[in-house]
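Analysis of the macromolecular model
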Amino acid sequence: MTASTPHQPASLTRRTALTGLAAGAGTLAVGSTARTAAAAPNAPSAPDPTPGAMRLFADPGFNFAGLLALGAAGMRASEVGEVLTAVNAINAAGLSEQTYTDTFRSWGDQLSAPPAEGRDGRGTPSQTRRFRSLRAAQYYAQALFYVLGTDQPGEEEAVYEAGRRAWDTFTRLCTPAAVTARVPWGRTRLPLWFFRPDGPAERRPTVILTNGSDGQNVDMWTYGVSAALDRGWNALVYDGPGQGQLLFVEEIPFTTRWETVVAPIVDWLLRREDVDGRRIALTGLSMGGNLAPRAAAFEHRLAACVAMPGCLSPWLGFDEALRDIVTPDKEETNRVWNEDVVPELTPQEAFTVNKRFEVFSRQALRQARRGQVLTDLWTPAQVVMGLDITGVVGRIKAPTLVLDYDFEQFYPGQPREMYELLRTRRDYVKLTKATGAQLHCSPMAPQQHCDVVFDWLADVLRR
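Only a predicted model underlies this, so the values are computations on that prediction, with no experimental measurement involved.

Observations regarding the pattern of salt bridges
A complete count under the given rule lists 30 salt bridges for this structure. The closest approach of N and O atoms between glutamate 82 and arginine 135, which form a salt bridge, is 2.9 Å. Here arginine 135 lies in helix 5 (residues 126-146) and glutamate 82 lies in helix 3 (residues 80-93), a separation of 53 residues in the sequence. Here arginine 135 falls in the buried class, since its relative accessible area comes to 14%.

Written out as structure tokens, the structure is:
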């Protein structure tokens, strides 16, 4: 692949405001500037949330993605040297969606290929291949996020499939191997991976880990599976609509009724003899901090819920000017979008629009893979707006932990608002810059993140 024009840090203009690019995407990794960029010109500048060595790229969106990859090293889901080598190569080539995708995809390919056999001729130990595969899944996930901005956006499914193969190899080589299943949901089935600690069979606490709108399964290892296993607990990872297999292969976008996704997973768990049905917890990372509480409001067999961070309305993660375009009139909304906004988009802005909406619309996903900007803004916007859970949070019965972060880019203020609406046992914890745990999902501090979450769960799930 050939590199596109090097990416320049975005600035706030009327066009970027209209497309919502001045705000965060509400995803685990974004290709746009953070909400803080929209401050008034004369307002005092906020402290740099990524000082010194934490600034890998000049663009904050790319930098956030890179920090996620680097931080995952603490859970063996990346290697510091590999990530920094990739960062240096990308910066040397000129930062762009193309160079980022190409570089990390190449690292995924390298680690997925079987290493040369050892001198004893016995081949690569399974433990070596296991963690090489986990790192490969990480690097493919990095490439996957930006592939729609390259000169081959139609490669999105292929990049996903490569990462999925790496993930499946890793889970198969775990000790014991992860149990895989496909749970019926609507006209399809939800893929799931059930991890168990190595030890005698007994009923154990189990954590269902819910991803966000752009995270991959490898992120669930970093933000929960590893920590659960260390504590002798089970952990379950799954793809719901708008995620993984269902999105990138089956082209099924998000549903606004996440309880219909979680309920059959709980049913599946309750049939297992190694699951303590009284101690099943549900966590949600990134936009999963909206999905998990939505499910917990209706699925009352859960013993605990964690929102990381709390998100009442993903729609508020889009810039107000973009939200103002969307009116009850579908025809007028799309006319303004296609006539006044789309013709003015730069390639980088078009990528961000496509990436943000592909998870909410099959048509948007297909157009993005053809290198086109979505023409129907109104329909996916209705899905995003339908994810508002402000009116149902009070129905949650399970004890609930709400996380927040210094410099939360995508849902500022929403975690505290969610906490105030809860009518059950509740706790609010803010992770801070004092320990390097700032920014959405604490990308540089997943171990601290897991300490907070799993210590709280241990207290709640105590017999």
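Here the narrative resumes.
Some remarks on the packing of helix 5 against helix 6 (residues 156-172)
The N-to-C vectors of helix 5 and helix 6 enclose an angle of 155°; their axes lie 8 Å apart at closest approach. Compared by their axis directions, helix 5 and helix 6 come out roughly antiparallel. When the axes of helix 5 and helix 6 are compared, the crossing they make is left-handed. Here helix 5 contributes Arg129, Arg130, Phe131, Ser133, Leu134, Ala136, Ala137, Tyr140, Ala143 and Leu144 to the contact with helix 6, which in turn contributes Glu156, Val159, Tyr160, Ala162, Gly163, Ala166, Trp167, Thr169, Phe170 and Arg172. Grouping the amino acids of the contact of helix 5 with helix 6 by side-chain chemistry returns 13 nonpolar, 3 polar and 4 charged.

Let's talk about the environment of leucine 68
Here leucine 68 is to be found in helix 2 (residues 60-71). Put simply, leucine 68 and serine 78 are 10 residues apart on the chain and 9.6 Å apart in space, counted from C-alpha to C-alpha.

Some thoughts on unusual backbone geometry
Cis geometry marks the peptide bond from threonine 175 to proline 176; its omega dihedral reads -5°. Inspection of the secondary structure assignment puts proline 176 in the loop between helix 6 and strand 1 (179-185). Backbone torsion omega between methionine 308 and proline 309 reads 0°, so that peptide bond is classified as cis. When you line up the elements, proline 309 lands in the loop between strand 6 (304-308) and helix 11 (320-325). Notably, cysteine 441 is not glycine yet its phi reads approximately 70°, a positive angle.

Some details on helix 3
Helix length check: helix 3, at 14 residues, gives a terminal C-alpha distance of 20 Å against a target of 20 Å (1.5 Å per residue), a fit within 8%. Those residues of helix 3 not exposed but buried are Glu82, Val83, Ala86, Val87 and Ile90. When helix 3 is viewed along its axis, its buried side chains cluster within an angular range of 135° and face the same direction. In helix 3, the exposed positions that point more than 90 degrees away from the buried face belong to Asn88 and Ala92. Packed against the buried residues of helix 3 are helix 2, helix 4 (97-112) and helix 5.

About the thresholds
Residues numbered from 1 in each chain as written. Predicted model: local features only at pLDDT ≥ 70, side-chain atom pairs only at ≥ 80, totals over all residues. Heavy atoms only, no water. Salt bridge = Lys/Arg side-chain N within 4 Å of Asp/Glu carboxyl O. Helix = DSSP H or I, 4+ residues; strand = E, 2+ residues; numbered from the N terminus. Buried < 20%, exposed > 50% of the residue type's maximum accessible area, 1.4 Å probe, protein only. Axes fitted to C-alpha atoms, helices over the stretch in contact; angles between N-to-C directions. Parallel < 35°, antiparallel > 145°, perpendicular 65-115°, else oblique. Left-handed = near helix turned anticlockwise from the far one by under 90°. Contact = heavy atoms within 4.5 Å. Nonpolar A, V, L, I, M, F, W, Y, C, P; charged D, E, K, R; others polar. Expected span 1.5 Å × (residues − 1). Arc of directions from axis to C-beta.

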